[in-house]
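Chains, contacts and geometry: an overview
Below are the chains, spelled out letter by letter.
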Amino acid sequence: MPRGMPFSMPTTSLPLDAYYPVVYKGKHGLIAHECILDLRPLKKSAGIEVGDVARRLMDYGIHAPTVSFPVAGTMMVEPTESESKEEVGPVL
């Protein structure tokens, strides 16, 4: 792959687990080309819905990831499809 991150990577390669629980990791903590961020705790703690996060991303010109599929209240992020780690970092 000329751009982006390796196909499988530890979730610690990106600062995901520090901010949002990742749903569906492999037994060694690996994710594939996509991961599902669990935003349900954000709703409980601050009343912020997954749709609110998606709309805010669009406010910044970032196409919103898939929301509430396959798990309600989550956001599916697929950073390896087109973005380098440097480009993804500020978003996360």
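This text gives an overview of the structure that appears in the document. (Residues numbered from 1 in each chain as written. Predicted model: local features only at pLDDT ≥ 70, side-chain atom pairs only at ≥ 80, totals over all residues. Heavy atoms only, no water.)

A short note on the pairing of strand β6 (residues 74-77)
Under the convention used in this document: Exposed residues in this analysis have more than 50% of their type's maximum accessible area, buried residues have under 20%, and partly exposed residues fall in between, with area computed by a 1.4 Å probe over protein chains only. Each helix corresponds to a stretch of at least 4 residues labelled H or I by DSSP, and each strand to a stretch of at least 2 residues labelled E; elements are numbered beginning at the N terminus. Note: two strands are recorded as paired if DSSP finds a minimum of 2 bridges between them.
Neither face of β6 is left uncovered, since the one carrying Thr74 and Met76 and the one carrying Met75 and Val77 both have all their residues buried. Pairing of strand β5 (residues 66-67) with β6, which is carried by 2 bridges, proceeds in the antiparallel orientation. The partner of Thr66 across the bridge, within β6, is Met76. Here β5 hands over to β6 after 6 residues, with Ser68 in that stretch at a positive phi of 55°.

Digging into the nonpolar core
Quick reminder of the rule: Here, nonpolar core means buried Ala, Val, Leu, Ile, Met, Phe, Trp, Tyr and Cys residues that are tied together by side-chain atoms lying within 4.5 Å of each other.
Ranked by size, the top nonpolar core spans 11 residues in total: Val22, Ile31, Cys35, Leu37, Leu39, Val50, Ala54, Leu57, Ala64, Met75 and Val77. Looking at this core, the elements with two or more residues in it are β4 (35-38), α2 (50-59) and β6. The greatest single-element share of this core, amounting to 3 residues, is contributed by α2.

Brief notes about the pattern of salt bridges
Basically, it comes down to this: What counts as a salt bridge is simple: a side-chain nitrogen of Lys or Arg found within 4 Å of a carboxyl oxygen of Asp or Glu.
Here the structure, examined in full by the defined rule, presents 4 salt bridges. Of the charged contacts in the structure, one is a salt bridge between Asp38 and Arg40, with a shortest N-O distance of 2.7 Å. Its relative accessible area of 11% is what places Asp38 among the buried residues. Take Arg40: its relative accessible area is 37%, and that puts it in the partly exposed class. Between Asp59 and Arg56 there is a salt bridge, and its shortest N-O distance comes to 3.3 Å. Within this pair, Asp59 and its partner Arg56 are both found in helix α2, separated by 3 residues, close to a single helical turn. Exposure remark for Arg56: the relative accessible area of 44% places this residue in the partly exposed category.

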